[in-house]
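Below are the chains, spelled out letter by letter.
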Amino acid sequence: MIKRTSQLPGFYKVTVAERRKLVAEATGVEAHEIARALDGGGLEAETADKFVENVLGTYGLPYGVTLNVRVNDKDHVVPMVVEEPSVVAAASNAAKMIRAGGGFRAEIDEPLMISQVQITNVKDAARATSAILAAKAEILAKADRAVPGLCARGGGARDLEVRTLGQPSDEMIVVHVIVDCRDAMGANLINTIAEAVADRLASLADGRVGLRILSNLCDKRCVRVRCRVSADVLATDDMDGQAVIDGIVNASRFAELDPYRAATHNKGIMNGVDAVVIATGNDWRAVEAGAHAFAARTGQYSPLSIWRRDGDALAGFLEMPLALGTVGGTLRVHPSARLSLRIAGLESASDLAAVAASVGLASNLAAVRALATDGIQRGHMALHARSVALAAGAEGGEVEGVAAIIVEARDITVEAARRALSVLRETSRRPSGDGEALGKRKERQSSTAVEG
Ligand code: MEV
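The structure displayed is predicted, hence computed values, not measured ones.

Colleague: If you had to explain the overall build of the protein chain to someone new, which residues and values would you point to?
Modeller: Helix and strand counts for the protein chain stand at 18 helices and ten strands. For the protein chain, the spread of C-alpha atoms along the principal axes amounts to about 90 × 55 × 45 Å. Taken over 452 residues, the protein chain has a buried fraction of 48%. On the protein chain, roughly 21,200 Å² of surface is accessible, and the fraction owed to carbon and sulfur atoms is 52%. Positive and negative side-chain charges in the protein chain, numbering 53 and 56 respectively, have mean positions lying 2 Å apart.

Colleague: Run through the packing of aromatic side chains, naming residues and quoting values.
Modeller: Going through the model one piece at a time under the given rule, you end up with zero aromatic pairs. The positively charged end of R285 is found above the aromatic ring belonging to W284, 4.4 Å away from the centroid.

Colleague: How would you summarise the environment of D238 if you had to cite specific residues and measurements?
Modeller: Checked against the element boundaries, D238 lands in the loop between helix 9 (231–234) and helix 10 (241–257). C-alpha separation for the pair D238 and L341, spaced 103 residues apart in sequence, amounts to 39 Å.

Colleague: With reference to specific residues and values, describe the sheet that holds strand 3 (residues 105–108).
Modeller: If you trace the four strands from one edge of the open sheet to the other, you get 3-8-10-9, paired in antiparallel fashion. On the outer flanks of this sheet lie strand 3 and strand 9 (305–310), each paired with one strand and no other. Strand after strand, the sheet turns through a mean of 15° between neighbouring axes, direction not considered. Judged from the eight bridges that link them, strand 8 (residues 222–229) and strand 10 (residues 313–321) form a sheet pairing that is antiparallel. Pairing of C227 across the sheet is with G316, part of strand 10. The strands touched by helix 14 (residues 349–372) are strand 3, strand 8, strand 9 and strand 10; relative to strand 8, the strand with the most contacts, the crossing angle is about 45°.

Colleague: I'd like a description of the sheet that holds strand 7 (residues 208–214), backed by residues and values.
Modeller: Spatially, four strands are ordered 5-6-4-7 in an open sheet, and the strand pairing comes out antiparallel. In this open sheet, the two edge strands, each paired with only one partner strand, are strand 5 (156–165) and strand 7. Along the sheet, successive strands turn relative to each other by an average axial angle of 20°, direction set aside. With respect to the sheet, helix 6 (residues 136–146) is in contact with strand 5 and strand 6 (172–180), its orientation differing from that of strand 5 by roughly 125°. The strands that helix 8 (residues 187–205) touches are strand 4 (112–120), strand 6 and strand 7; relative to strand 4, the one it contacts most, it runs at about 35°.

Colleague: Outline the state of the cysteines, listing residues and values.
Modeller: In total, this model carries zero disulfides according to the counting rule given. Take C218: it sits in no disulfide, and the sulfur closest to it among the cysteines is that of C222, at 7.1 Å. Of all cysteine sulfurs, the one in C222 lies closest to C227, which takes part in no disulfide; the gap is 18 Å. Exposure remark for C227: the relative accessible area of 6% places this residue in the buried category.

Colleague: Summarise the pairing of strand 1 (residues 63–71); cite the residues concerned and give the values.
Modeller: Consecutive residues of a regular strand have side chains that alternate between opposite faces of the sheet. Pairing geometry for strand 1 and strand 2 (residues 74–81), over seven bridges, is antiparallel. What sits directly across from Y63, in strand 2, is V81.

Colleague: Hey, could you go over the pattern of salt bridges for me, with residue numbers and the actual values?
Modeller: Within this structure, the stated rule accounts for 26 salt bridges. With a shortest N-O distance of 3.1 Å, D75 and R99 are connected by a salt bridge. One end of the pair, D75, is in strand 2; the other, R99, is in helix 4 (residues 87–100), and 24 residues separate them in sequence. In this structure D75 comes out as buried when scored by relative accessible area, which is 5%. A salt bridge links R418 to E415, with the shortest nitrogen-to-oxygen separation between them at 3.5 Å.

The rules we used
- Here the residue index of a chain counts from 1 through its sequence in written order.
- Reporting in this predicted model follows two pLDDT cut-offs: at least 70 for local features of residues, and 80 or more for side-chain atom pairs to be given and counted; totals over whole chains, interfaces and linings ignore these cut-offs and use all residues.
- Excluded from the side-chain calculation are hydrogens and water; included are all heavy atoms of the structure.
- Counting from the N terminus, the helices are DSSP H or I runs at least four residues long and the strands are E runs at least two residues long.
- Categorising residues by exposure relies on relative accessible area from a 1.4 Å probe, with only protein chains included: less than 20% of the type maximum marks a residue as buried, more than 50% marks it as exposed, and the intermediate range marks it as partly exposed.
- A 1.4 Å probe and the Shrake-Rupley method give the accessible areas. Residues count as covered only by the protein chains that appear here.
- Charge assignment in this entry is limited to Lys and Arg as positive and Asp and Glu as negative, and neither His nor the chain termini are counted.
- Where a charge lies is defined by one atom per residue type, namely NZ (Lys), CZ (Arg), CG (Asp) and CD (Glu).
- Any pair of Phe, Tyr and Trp rings, taking the six-membered ring for Trp, is counted once the centres come within 6.5 Å. Such a pair is stacked with planes under 30 degrees apart, edge-to-face with planes over 60 apart, and tilted for the rest.
- Definition used: whenever NZ (Lys) or CZ (Arg) falls within 6 Å of the ring centre and also within 35 degrees of the ring normal, the charge is taken to sit over that ring.
- Following DSSP output, two strands are said to pair if at least two bridges run between them.
- Angular values range over 0 to 180 degrees, each being the angle between N-to-C directions of two axes fitted as lines to C-alpha atoms, with helices fitted over their stretch in contact.
- Any two residues whose heavy atoms approach within 4.5 Å are treated as being in contact.
- Only a pair of cysteine sulfur atoms within 2.5 Å qualifies as a disulfide here.
- Salt bridges are defined by distance alone: a side-chain nitrogen of Lys or Arg within 4 Å of a carboxyl oxygen of Asp or Glu.

Read these as geometric descriptors, not functional statements.
Next comes the structure, spelled out in C-alpha cells:
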C-alpha cells in the first residue's frame, strides 16, 4: 500500500533516475514504467504517423512534475510538459505555500458541453424558436441515438437552448444542444450530435443548416479554485508577508482594471494549466480558446483569477472553463499521456480539471509574488542560466556549477558559460579545496532558484 504524497523534499537536487524512483515510491507507478513511457519522448514515429499527416518524426519537450499539490485534501504529483524554465519550480514552490494554508479547494461543474447548430434563412425567428423548443424531447432523443456509447457511460443530451443572433434581417438563429460528456473532452461526440440533429432543426425552423460544431466557450463546464495563504510563507528576504500581500492585491487590481495587464496575468495562469493539459494528452488550443473567451465575457478582457486580503492572510480565487478528458482521444494512443494520469492519481475528467486549475492558480501566485517583490528576472535568470550552461557543453553536475558562476557574474551568455566550464573542469582536476567552494555555491543557487 503506497502512501500517496506530493511532498518530496530535495527532489530537484537528485538525478533523473533517482527522481523516477522517488515518484515510484510516492505514486506506485514503477520506475521502469516511467522509463518506458517517457524515454525517447514516449512516441514512436510510426505511431505519430497515425496521429497526423506528413510525419517526419516527433518533437520532444521537457516532462517534469509539480510537487506539493493538495486539492480537496488529496495529494497529487502533477506532470507538466513545458519548455519555459522556472514554470515547474515556481508552481511547486507556490503550491507549497498554498498547502501550508490547507491546500486548494476546488469545485467543478458537471461536464456539460455545447453543440452549436447554426440555422440561416430563418424568416420568423420567434416562430422557429417555439417550434424547436416544443420538439425538445424529440431532438434530445435523436442526439442520444447518435452517441450510444456515451449514453451507456451515463452521459448524453441534457437540454436545448435557442438564441437569435444579430438583427431580424440576418435571419439567423443558433441552437445549443447541451451534452453531458462524462470523462471525455467531448469534441467528437459533440460534433457528431450537431450533425445528427441539424436537418431536423432546420426543418422545424423552416431555415437552412449552417455550421454544426462544438463551442469552445464551454462556460457550463467551469472549475472554481480557492486558496488561502498566510503572510509568513509569502515573506521574502527583503519584504515582510503583509507587504507582499499588499503587493499581490495591487497586482490583481492592476489586472482587473487593465486588459493589457490581464492578458499577461492570464498567461501566468496558463503556464500551469497548459503544461498539465499537454502532459495529459488534452487539447490545449481548445482550453486556451475557452479561457480567453471566458475572460472577455463581460465585454472587458479580465483576469481569470483575483487576489484579496483576508484578515492577515491572502485569498486567491480562480474561475475558468476547462474541457478535459481522461478517456478517448490522444489518451488512447499516447503512452506518456496515460502515464501522466497514473502519476497524478487521476481518473475522472473533473478531478483532472480541478488539479490543472489548481496548478494554474499556483503558477499565477508564483508570478505575482515575484513581480510584487524581487521582480521576475532574478529567478528566471537563475534557471535560464542552466539552459545556457547546457548550450555551452556542461554535463551532469557541471550544469548547476556553471549556472551558479554565470549568475553570480551577471553574465548569462554561452561565452561566459564556456569560460566557467573550463574553470570548473580545471578546478575539479586539482586536489585542493576549490572544488568544494564551487560545490557550496552551486548548492546555494539551487535552493533559491528551484526549491520545490
Ligand atoms: C511569464 O511566463 C509569465 C508572467 O509574465 C506572468 C505574469 O506577468 O503574471 C511572469
